[in-house]
Amino acid sequence: MAVVTVESPYTRKRYQYYDNGDPKKGGLKDVYFSVDKQYVVAIFREALDENQKERLKRITGHYLQQISSKEAGDYYLNEVYRWPTDVIEWKGLTGIVVPIYAPKFFFSKGYEKNDLILGGEKNGKWFAGSKFRNPNFPLRIASSELGNWMSYLQICVNLCRGVKKMHAMGLAHSDLSYNNVLVDPISKSACMIDLDGLVVPGLFPAEVIGTAEFIAPEVMATKHLNKSDPDRKLPRRETDLHSLPVLIYMYLLHRHPLLGGKVHDLDPETDNLLAMGEKALFIEHPTDLSNRPKANQLSKWEQPWGDVNKLPYTLTGPYLSELFDQAFVKGLHHPASRPAADIWEQALMKTSDLLQPCSNPACEQKWYVFDNTTQPKCPFCGQVHSGSLPVLDLYFKSAEGAYRPEQHRLMVYANQYLFPWHVNRNILRNEKLTAADKVPAGYFVKHNDKWVLVNQTLTSLRDVTEQADIPIGGFVELSAGKKILFSSEEGGRVALVTLVG
């Protein structure tokens, strides 16, 4: 095994990697592991032109610096991206240097019945579909590596933040798909990879149009046109805003939002082109039911996720359901109407506040979104919630001095924390949270058959109904109709308690 030394023509840094004559093959690159196992060197098999080299120089220089020098830079570079850090030249070919993947992004268990993928990368595709999580599928992923429904909410949050950051820098992803994402449901992590082909609008157009299942309809419908044709649509910010909700939908519901039961043409290739392009139709369109998957045509491996009647998209809750309608009904063929990545991020965060733990210990998903009924039921296993359940509707102080509803609700369960971002609307729950913002302000518990909020840090917690201050270490009962002021500071919220069940 030879040790090869290469140099960057831009930074003059030198890199060493092992070459055993059999590199790992990527789509366009050969991948070699460094001697110190801290990075890989990925060398393009074909020579690049000067424009392509300049793209890589910008990505590894200007844009990398933009991320690392700004707030939450460590979060993005260590958690959300595997961003290329340098460009090298070797025997007339160009390569990039990329930090090694974190250990959590490699399978430690393999399949449930064998170890065929043991040690392999946790490519996002493993976790998006239904068959690899079906208990009867021969190659089911080990349950200890599948995570639960809460895991996939946070995975989607990380993806939204990754897209949000790219768009804020003026970049777009030319191939946002589950093939270019690593996922670890146990740590609730997602990491975007293969970022050397990013689109820089006005400078570096897309060189690929994406992965079939994630290509926006306008790109698919015009792919037969020459790239110089003004009617040709190429990947850009708006196409990311199609690919992103496709990923979110697949990670939460484990089926594709456009591949349903409607047949557009007897030729399979033409049919697929139409189904994903000009004739694309949401499989759960609220009024046009023609593309609904037919339950009797689903394979046994696609059950139960493939059946939209058993597990409809509305189980994701009101915030996400509304955005799915915007993305796949209004915005499907009107790119300007697609919700931005930060809108998806906030909807996912608000949805996480609606989660309830399932009381069925055998339930694989463990969590579900409160369905706004008097007898909440887990949609995944059918378990009905037993006992009372506090619901906190959050209000904010308007300029007139009155409190207005925020359309934000917090569900309560035993030993759940109340965080500063619940207490004060001016504290945004995003990647920029400080360590202090992450310290719980209180917690909920059932005491003597009554639900209470225990105050841990709040200096102005007040029972408005009883006109009583709640000191640190004290508690307030969550009785029906109770109004609780979390904080008297600017942005402080009031919660109105409802008891269901």
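Before any of the text, the structure's been laid out above.
Residues numbered from 1 in each chain as written. Predicted model: local features only at pLDDT ≥ 70, side-chain atom pairs only at ≥ 80, totals over all residues. Heavy atoms only, no water.

**Q** Can you explain the environment of Glu 364? Please cite residues and give values.
**A** Secondary-structure assignment places Glu 364 in the loop between strand E10 (355-357) and strand E11 (367-369). Classification of Glu 364 by relative accessible area gives partly exposed; the value is 40%. Leaving out residues up to four positions away in the same chain, Glu 364 has contacts with Arg 133, Arg 140, Gly 147 and Asn 148. A polar atom in the side chain of Glu 364 sits 2.7 Å from the side chain of Arg 140. (Helix = DSSP H or I, 4+ residues; strand = E, 2+ residues; numbered from the N terminus. Buried < 20%, exposed > 50% of the residue type's maximum accessible area, 1.4 Å probe, protein only. Contact = heavy atoms within 4.5 Å. Polar contact = N/O pair within 3.5 Å; in protein donor to acceptor, adjacent residues only side chain to side chain.)

**Q** Could you give an account of the sheet that holds strand E19 (residues 475-477), naming the residues involved and the relevant values?
**A** Sheet architecture is open: 4 strands sit in the order E14-E15-E16-E19, paired in antiparallel fashion. Of all the strands in the sheet, the pair left with one neighbour each is strand E14 (417-418) and E19. In terms of strand pairing, strand E16 (residues 450-455) meets E19 through 3 bridges, oriented antiparallel. Bridge pairing links Val 452 to Glu 477 in E19. (Pairing = 2+ DSSP bridges.)

**Q** Can you break down the packing of aromatic side chains residue by residue, with the values?
**A** Tallied over the entire structure, the rule returns 26 aromatic pairs. With centroids separated by 5.2 Å and ring planes inclined at 75°, the aromatic side chains of Phe 137 and Trp 301 adopt a geometry described as edge-to-face. Here Trp 301 lies in the loop between helix H7 (268-276) and helix H8 (318-330) and Phe 137 lies in the loop between helix H3 (125-128) and helix H4 (149-168), a separation of 164 residues in the sequence. A relative accessible area of 12% means that Phe 137 is categorised as buried. Pairing Tyr 249 with Phe 282 gives two aromatic rings, centres 5.9 Å apart and planes at 75°, and the pair type is edge-to-face. Taken together, the positions of Tyr 249 in helix H6 (residues 237-253) and Phe 282 in the loop between H7 and H8 put the pair 33 residues apart, joining distant regions of the chain. Since its relative accessible area comes to 0%, Tyr 249 is described here as buried. Judged by its relative accessible area of 0%, Phe 282 falls in the buried class. The structure contains a cluster of three or more aromatic residues connected by ring pairs, namely Phe 107, Trp 126, Phe 127, Phe 132, Phe 137 and Trp 301. Just above the ring of Phe 396 sits the side chain of Arg 425; from NZ or CZ to the centre is 4.0 Å. (Phe/Tyr/Trp six-rings, centres within 6.5 Å; stacked < 30°, edge-to-face > 60°. Lys NZ or Arg CZ within 6 Å of the ring centre and 35° of its normal.)

**Q** Hey, could you go over the packing of H6 against helix H9 (residues 341-352) for me, with residue numbers and the actual values?
**A** The contact between H6 and H9 brings their axes to 10 Å, and the two run at 20°. It follows from the interaxial angle that H6 and H9 lie roughly parallel. Residues Leu 241, Leu 244, Pro 245, Ile 248 and Leu 252 of H6 pack against Ala 341, Trp 344 and Leu 348 of H9. Broken down by class, the residue content of the contact of H6 with H9 amounts to 8 nonpolar, no polar and no charged. (Axes fitted to C-alpha atoms, helices over the stretch in contact; angles between N-to-C directions. Parallel < 35°, antiparallel > 145°, perpendicular 65-115°, else oblique. Nonpolar A, V, L, I, M, F, W, Y, C, P; charged D, E, K, R; others polar.)

**Q** So, the environment of Arg 292: which residues are in play, and what are the values?
**A** One can find Arg 292 in the loop between H7 and H8. Here the alpha-carbon distance between Arg 292 and Asn 51, two residues 241 residues apart in the chain, equals 45 Å.

**Q** If you had to explain the pattern of salt bridges to someone new, which residues and values would you point to?
**A** Taken as a whole and judged by the stated rule, the model has 27 salt bridges. We note a salt bridge from Asp 30 to Arg 45, for which the minimum N-O separation is 2.8 Å. Of this pair, Asp 30 sits in strand E4 (residues 29-33) while Arg 45 is found in the loop between strand E5 (39-44) and helix H1 (50-68), placing the two residues 15 residues apart along the sequence. You can call Asp 30 buried: its relative accessible area is 12%. Between Glu 50 and Lys 53 there is a salt bridge; the shortest N-O distance is 3.7 Å. Linking Glu 50 with Lys 53, this pair stays in helix H1, spanning 3 residues, or about one helical turn. When salt bridges with common partners are traced through the structure, they connect Arg 161, Lys 164, Glu 345 and Glu 431 into a single cluster. (Salt bridge = Lys/Arg side-chain N within 4 Å of Asp/Glu carboxyl O.)

**Q** Talk me through the pairing of strand E6 (residues 86-90); I want residue IDs and the actual numbers.
**A** Direction of pairing for E6 relative to strand E7 (residues 93-99): antiparallel, over a ladder of 5 bridges. Opposite Ile 88, over in E7, you have Gly 95 as the bridge partner. As consecutive antiparallel partners, E6 and E7 are separated by 2 residues, and within that stretch Lys 91 has a phi angle of approximately 50°, a positive value.

**Q** Go over unusual backbone geometry, please, and point to the residues and values.
**A** For the bond from Gln 303 to Pro 304, the omega torsion is -5°, close enough to zero to count as cis. Note on placement: Pro 304 falls in the loop between H7 and H8. Residue Lys 37 is not a glycine yet carries a positive backbone phi of 60°. Along the chain, Lys 37 falls in the loop between E4 and E5. Taking relative accessible area as the criterion, Lys 37 reaches 60% and is therefore assigned exposed. Positive phi, close to 70°, is recorded for Lys 366, a residue that is not glycine. Along the chain, Lys 366 falls in the loop between E10 and E11. Take Lys 366: its relative accessible area is 34%, and that puts it in the partly exposed class.

**Q** Break down the sheet that holds strand E13 (residues 403-411) for me, citing the residues and quoting the values.
**A** Strands belonging to one sheet form pairs held by backbone hydrogen bonds; the direction of such a pair is parallel or antiparallel. If you trace the 6 strands from one edge of the open sheet to the other, you get E13-E12-E21-E20-E17-E18, paired in antiparallel fashion. In the strand order of this sheet, the two ends are held by E13 and strand E18 (468-469), each with one partner. When strand E17 (residues 462-463) meets E18, the two strands line up antiparallel, connected through 2 bridges. Bridge pairing in E18 links Asp 463 to Ala 468.

**Q** Before we move on, could you go through the side chain of Thr 60 and cite the residues and values that matter?
**A** On the secondary structure map, Thr 60 appears in helix H1. Of the polar contacts made by the side chain of Thr 60, one reaches the backbone oxygen of Lys 57; its length is 3.4 Å.

No statement about biological role is implied by the geometric values presented.
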